[in-house]
Amino acid sequence: MTERREVMHRQSTRPATRRRYLMCRPRYFTVAYSINPWMHPDDPAARVDGERALAQWETLRQTYVDLGHEVHLIDPVPGLPDMVFAANGAVVVDGQAFGPRFRHVQRLPEAVHYLAWFKTHGTTVGVRDTYVPLSVAEGEGDFLTMPDLILAGTGFRTEPGAHRELAEFTGRPVVSLDLVDPRLYHLDTALAVLDEETIAYYPPAFSPESQDRLREMYPHAILADEADAMVLGLNAVSDGRHVVLPVQATSLARQVAERGFEPVTVDVSELRKSGGGPKCCTLEIRPAREREEERR
Ligand code: ARG
């Protein structure tokens, strides 16, 4: 009986919606310091191949373009090797950009560049307002948007104070989740939003209370296994139908396909040396609702 219900739960075609992304070419990308357990600047075996990183990133960008999405670019800045991880540059909801305040001194200067980009290009991309948080906040790394609420991570980077600031700034409920595994230090390494009601996550990345909360809120969620979590498989980008995820996350790709999504795999192994995947390289710009209507 359960099996039959499972089958009925699947859909063969899910609607994709056109997205607007901001990305940053990894021109100056390298692993020069260590601010998460993935980064080993002194290990020759873990050295970044810059050309390969650029090529992998280019494939990711082209994947979005081929899927029909709009990709905007922010200029990379010399001396800021992690700027490629655009997801940390803001969280943009309803045309309102909630900027970053980075935890580590190495990434602090990125904030100015991301904010300046939104100030300059805001009107073009439907962003009418920017905000600089007082608490540490690492953008979409720790804030994942659902239609009715925002899921927010804390424990390693973003502070709970920023969850409150974001709730106030956007007027949306923000649900705080505690991250407990240092390898999955940003929410977007432990949980992926696939569509308006479907998420995938790796339960052990969360505190027992947060696991209870997620189970209660999303009883039909896809549960990722450890192998997939440890290749940053959950660092995925979905348009509601296509799920762009690391090629190494094989069982997650299968699970996603079983639910009627189309997995689109990419290899960003060079970026993983810094603890990043496809989602980390991708900031979604959600325009103001009125703007969306205007565009139709
Ligand atoms: N090396 C970067 C850091 O530790 C990686 C950021 C990954 N970004 C993300 N959205 N998870 O800050």
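Structure: above.
These figures come from a predicted structure and were not determined experimentally.

Before going further, it helps to spend a moment on unusual backbone geometry. Glycine aside, the phi torsion of most residues is negative, and most peptide linkages are trans. Positive phi, close to 50°, is recorded for D94, a residue that is not glycine. You can see D94 is positioned in the loop between β3 (91–93) and β4 (96–98). Phi is positive for L232, which is not a glycine, with a value near 60°. Secondary-structure assignment places L232 in the loop between α6 (226–229) and β12 (237–238). Residue L232 is classed as buried on the basis of its relative accessible area of 0%.

It is worth spelling out the pattern of salt bridges at this point. Side-chain pairs of opposite charge can arise whenever the charged atoms involved come near each other. Enumeration according to the criterion identifies 20 salt bridges in this entry. Here R286 ties to E140 by a salt bridge, and the two come within 3.1 Å at their closest N and O atoms. Separated by 146 residues along the polypeptide, R286 in the loop between β15 (283–284) and α9 (289–295) and E140 in the loop between β5 (129–131) and β6 (143–145) bring together distant segments of the chain. Judged by relative accessible area, which is 18%, R286 ranks as buried. Between E270 and K273 there is a salt bridge, with the nearest N and O atoms lying 2.9 Å from each other. Classification of E270 by relative accessible area gives buried; the value is 3%.

The rules behind each value
- Residues numbered from 1 in each chain as written.
- Predicted model: local features only at pLDDT ≥ 70, side-chain atom pairs only at ≥ 80, totals over all residues.
- Heavy atoms only, no water.
- Helix = DSSP H or I, 4+ residues; strand = E, 2+ residues; numbered from the N terminus.
- Buried < 20%, exposed > 50% of the residue type's maximum accessible area, 1.4 Å probe, protein only.
- Salt bridge = Lys/Arg side-chain N within 4 Å of Asp/Glu carboxyl O.

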